[in-house]
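# Understanding the architecture of this molecule
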Amino acid sequence: MNQLPNPFNSNPSNPLDPLKQEPDRLDDEDGELPKRYHPATKKTLQKLFIILIVSGAIIGGILSIGVLSLMQKAGLTKVPPRVENSK
């Protein structure tokens, strides 16, 4: 039967708590995030990032022009006629 942790315990000792561990030990134990990238990897990631930004801007521009032309064909960009209220 599992017991819930005591919420009133002011000094819990959990060795796996990421907030209690030192930052240097996290990199050594997990090995997930390297401290520095290899220069070739860094250049490749920078090129990929720039390509993604530029291609996203181009696709966004093409889509916005397409949406604007469809709105103009449907008459959604025209100013509606003014209606005067008679009292």
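These remarks concern the structure in this document. Here the structure is a predicted model, which means the values were calculated and not measured.

Thresholds applied
Residues numbered from 1 in each chain as written. Predicted model: local features only at pLDDT ≥ 70, side-chain atom pairs only at ≥ 80, totals over all residues. Heavy atoms only, no water. Helix = DSSP H or I, 4+ residues; strand = E, 2+ residues; numbered from the N terminus. Buried < 20%, exposed > 50% of the residue type's maximum accessible area, 1.4 Å probe, protein only. Areas by Shrake-Rupley, 256 points an atom, 1.4 Å probe, with all protein chains shown as cover. Expected span 1.5 Å × (residues − 1).

With that out of the way, let us pick up the overall build of the protein. Broken down by element type, the protein carries 2 helices and 0 strands. Put simply, the protein has 87 residues, and 1% of those count as buried. Summing over all exposed atoms, the protein offers an accessible surface of approximately 9,300 Å²; the carbon and sulfur share of this is 61%.

This paragraph deals with helix α2 (residues 39-74). Taking 1.5 Å of rise per residue, 36 residues should cover 52 Å, and α2 covers 52 Å from first to last C-alpha, within 8% of that figure. Just past α2, the residue G75 takes up positive phi, approximately 80 degrees.

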